[in-house]
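# Residue-level structure breakdown
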Amino acid sequence: MSTIIYCSECLKEYSFIEMPLTCECGGILSIKRNANLDAGKFLNREIWSMFRYKNFLPLDCLGDAWKGITLGEGMTPVVDYGSDFGNLKIKMDYMMPTLSFKDRGASILVAAAKKLGIKEIVQDSSGNAGIAVAAYAARAGIKCSIFVPAGNSKKKIQQIYVHGADVYEIEGTREDTAKAALNKVLEEKLYYASHVYNPFFYEGTKTYVFELFEQLKGNMPDYLWVPVGNGTLLLGCYYGLLDLKSAGLISKFPKMIAVQSHNCAPVHDAFYAGEDVVKPCVNKGTLAEGIAIADPKRGKLILQALRELDGEVLTADEKAICAAAKKLAGDGFYFETTTAATFAAYFSNPDFQDKISVLPACGAGIKSSII
Ligand SMILES: [Zn+2]
């Protein structure tokens, strides 16, 4: 399928070659969905990675660029939690080349940069996306600068270094880190491989629900849980579900349940206030560093997705996040604290435990855990 990039605000269209950072109106860019998807092209069983769905994605512009980039990402298992939670399934999405779900988006984003002949990229991240982009950039032979908040998990920062990226640790908030990265992009006219601004990332995170559809034999769960900071997984799931429905592969959507940290919950606040846009909040500090986003740039799209998917937004406080991390490890699951926040919300909301839920284990405990 051809690749058309468009502005979420004014709908102006751009080609792959001319894609700017944002639209001239300031709007954020997305990739146009194909409304006439062919269910027969859903997957290629001979490819053992998330690229088995490549013919179902609007990524003709990439050609075979992905072949030199892939590290075998995707195809993560779904396991039953067991114990007291018979309706709970976990998609083990930390079982990835760089140990987080961000490899889904980073592999496609870096393939796009490679296809464009980009020599140097810049990215900002709380850690996982930075690691993923650094790894794929190393594989692609692209010079890479990653901006991270000072004080983030040392193991994550170390992993970025070992892939050969230049690491900039920025004092202040997560938003200060994003601003520093953007300044370098604008001043030096570099390619911003941002998982927030660059729409190619979301084509990768779509494959999370494509895999679920395949693994659950077409029976999507009643509740699809996602942690939400910048909304990379939430929006990928939303676009993927729209594609599955428009191809006639599913007839209804699962209910989406988004989880934020109680200490940084701008989406939660905007959703229940009936707002159309997400206003920035004050991040009071949270162990769930992967979703500590006070000003999500795709907030309007996140709210739209939640409303269309009959969504709810729950929050987890720091005490519950710690307790969930300990319970998970005691039951054999070693996940990072951002993932523990999603489970904390599940464990403390019995109203959602009577039907089938799928929760994502987005990051490995060995990268950042308080236990
Ligand atoms: Zn525009």
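Predicted model only: the values in this text are computed from it and were never measured.

Below, the discussion takes up the coordination of the zinc ion. Taken together, the protein ligands of the zinc ion are C7 (SG), C10 (SG), C23 (SG) and C25 (SG), with distances of 2.3 Å. Taken together, the four donor atoms coordinating the zinc ion span angles of 103 to 119° at the metal, a pattern that classifies the geometry as tetrahedral. All donor residues of the zinc ion come from one chain, and their arrangement in sequence is C-x2-C-x12-C-x1-C. Judged by its relative accessible area of 0%, C7 falls in the buried class. Since its relative accessible area comes to 42%, C10 is described here as partly exposed.

Our focus in this paragraph is the nonpolar core. By size, the foremost hydrophobic cluster in this structure holds 99 residues, and its most contacted members are L62, I121, F200, L234, L235, L241 and L306. Broken down by element, the residue count for this core peaks at nine residues, all from helix 7 (residues 232-246). If you count residues domain by domain, this core takes at least three from each of domain 1 (78-100 + 200-360) and domain 2 (102-192). Residues in contact with F200, not counting those within four places in the same chain, are T3, I5, F16, M19, I31, L59, C61, L62, I108, L109 and A112. Formed by 31 residues, the second largest nonpolar core is a distinct cluster that contains Y223, L314, L328 and F352.

Across the sheet, six strands lie side by side as 4-5-13-10-11-12; this open sheet has mixed pairing. The open sheet has two free edges, formed respectively by strand 4 (78-82) and strand 12 (312-316), since each of these has just one partner strand. Pairs of neighbouring strands in the sheet enclose a mean axial angle of 30°, with direction left out of account. In terms of strand pairing, strand 5 (residues 85-91) meets strand 13 (residues 357-360) through four bridges, oriented parallel. For L88, the partnering residue across the bridge sits in strand 13 and is S357.

What counts, and at which threshold
- Residues numbered from 1 in each chain as written.
- Predicted model: local features only at pLDDT ≥ 70, side-chain atom pairs only at ≥ 80, totals over all residues.
- Heavy atoms only, no water.
- Donors = N, O, S within 2.8 Å, 3.2 Å for Na, K, Ca; no water.
- Tetrahedral: all angles 85-135°; square planar, octahedral: opposite > 155°, others 65-115°.
- Buried < 20%, exposed > 50% of the residue type's maximum accessible area, 1.4 Å probe, protein only.
- Core = buried A, V, L, I, M, F, W, Y, C linked by side-chain atoms within 4.5 Å.
- Helix = DSSP H or I, 4+ residues; strand = E, 2+ residues; numbered from the N terminus.
- Domains from an automatic or database assignment.
- Contact = heavy atoms within 4.5 Å.
- Pairing = 2+ DSSP bridges.
- Axes fitted to C-alpha atoms, helices over the stretch in contact; angles between N-to-C directions.

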